[in-house]
Amino acid sequence: MPQGNQPQTRDSTHLPSTEEMASFMNEAIQEARNGLEEGGIPIGSVLVRKGKIIGRGHNRRIQFGDPTAHAEIDCLRAAGRLQSYKDTILFSTLMPCAMCAGATVQFGVPIIVAGENRTFESSREFMEKNGVTVIDLDLDECYELLKQFADEHPSLWAEDIGLEHIVND
Ligand SMILES: [Zn+2]
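Residues numbered from 1 in each chain as written. Predicted model: local features only at pLDDT ≥ 70, side-chain atom pairs only at ≥ 80, totals over all residues.

Caption draft 1: How the structure looks around the overall build of the protein chain. Helix and strand content of the protein chain: 7 helices and 5 strands. Ordered by position from N to C terminus, the α and β elements of the protein chain give α-β-β-α-α-β-α-β-α-β-α-α. Burial analysis of the protein chain (169 residues in total) assigns 38% to the buried set. Long-range contacts, defined here as pairs at least 24 residues apart, represent 51% of the contacts in the protein chain between residues at least 6 apart. (Helix = DSSP H or I, 4+ residues; strand = E, 2+ residues; numbered from the N terminus. Buried ≥ 20, exposed ≤ 12 C-beta atoms within 10 Å, placed from the backbone. Contact = placed C-beta atoms within 7 Å.)

In structure tokens:
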């Protein structure tokens, strides 16, 4: 065994059961709803390890005036420093964007469970190419929550995903 740092080995053998997936996604949806109540973009996320939530967060870019405060980043920050992410699962109500997919790959999160992938053309392929197991639950609840917000606030939504939007709202 060579000395020094080894690249993360992605182990996806701890796939959650259908019941666990539904239960943890409900927690992520609750985070999204908390964000909406604060006047923010309704996207929520939880980080799970060994059947327990170790971090939770929601998109706070409007609340914090921080363009990087996406739900997944907020959740990873809340979980704090971990020596390894190899036994974690990241749940998000929306398939991660390029930035959040980058964090997922960077830290070695092996499994992503997304609530939907319809609202936003995401970075699924990028994550899969880097060995991340990606599960899309394709839930109407997640889709409707964000779709309604995006329809009501098109420029806020465009800003969140780095697109230009010419209509002011
Ligand atoms: Zn993101």
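Caption draft 2: Quick peek at the environment of H153. Mapping H153 onto the fold places it in the loop between α6 (140-152) and α7 (154-160). As for H153 and I41, which are separated by 112 residues in sequence, their C-alpha atoms are 9.3 Å apart.

Caption draft 3: Structural view of the environment of C100. Among the structural elements, C100 can be located in helix α4 (residues 98-107). Judged by local crowding, C100 falls into the buried class, with 27 C-beta atoms found within 10 Å. For the pair formed by C100 and T68, sequence separation is 32 residues and the distance between their alpha carbons is 9.1 Å. Not counting residues up to four positions away in its chain, the partners in contact with C100 are H70, E72 and I73.

Caption draft 4: Representation of the sheet that holds strand β2 (residues 52-58). Taking strand neighbours across the sheet as the criterion, the 5 strands line up as β2-β1-β3-β4-β5 in an open arrangement whose pairing is mixed. The open sheet has two edge strands with one neighbour each: β2 and β5 (133-136). Looking at each pair of strands side by side, their axes are set apart by 15 degrees on average, direction ignored. With 4 bridges joining them, strand β3 (residues 88-92) and strand β4 (residues 111-114) adopt parallel strand pairing. Bridge pairing in β4 places S92 opposite A114. Relative to β2, helix α3 (residues 71-79) is tilted by about 135 degrees, and along the sheet it contacts β1 (44-49), β2 and β3. (Pairing = 2+ DSSP bridges. Axes fitted to C-alpha atoms, helices over the stretch in contact; angles between N-to-C directions.)

Caption draft 5: Representation of the nonpolar core in the model. In terms of nonpolar packing, the biggest core is built from 37 residues, with A28, V46, F91, I112 and V113 touching the most fellow members. For this core, the elements supplying multiple residues, two or more each, are α1 (18-37), β1, α3, β3, α4, β4 and α6. If one sorts the elements of this core by residue count, α1 sits on top with 5 residues. If we ignore the near neighbours within four places in the chain, the residues touching F91 are F24, M25, A28, S45, V46, V48 and V113. (Core = buried A, V, L, I, M, F, W, Y, C linked by C-beta atoms within 7 Å.)

Caption draft 6: Broad picture of α6. If you check α6, its first and last C-alpha atoms are 18 Å apart, about what 13 residues at 1.5 Å a residue would give, namely 18 Å. By the burial criterion, the buried members of α6 are C142, L145, L146 and F149. The arc enclosing the buried residues of α6, seen along the axis, measures out at 80 degrees, which places them on a common side. Facing away from the buried side of α6 by more than 90 degrees, the exposed set consists of D140, E144, Q148, D151 and E152. Turning to α6, the residues buried within the fold contact α1 and α7. (Expected span 1.5 Å × (residues − 1). Arc of directions from axis to C-beta.)

Caption draft 7: Geometry of α1. If you check α1, its first and last C-alpha atoms are 29 Å apart, about what 20 residues at 1.5 Å a residue would give, namely 28 Å. Here α1 has its buried residues at F24, M25, A28, I29, E31, A32 and G35. Down the axis of α1, the smallest arc covering the buried residues is 155 degrees, so these residues share one side. Seen from the open side of α1, the exposed residues pointing more than 90 degrees away from its buried face are E19, A22 and E37. Buried residues in α1 make contact with β1, β2, α3, β3, β4 and α6.

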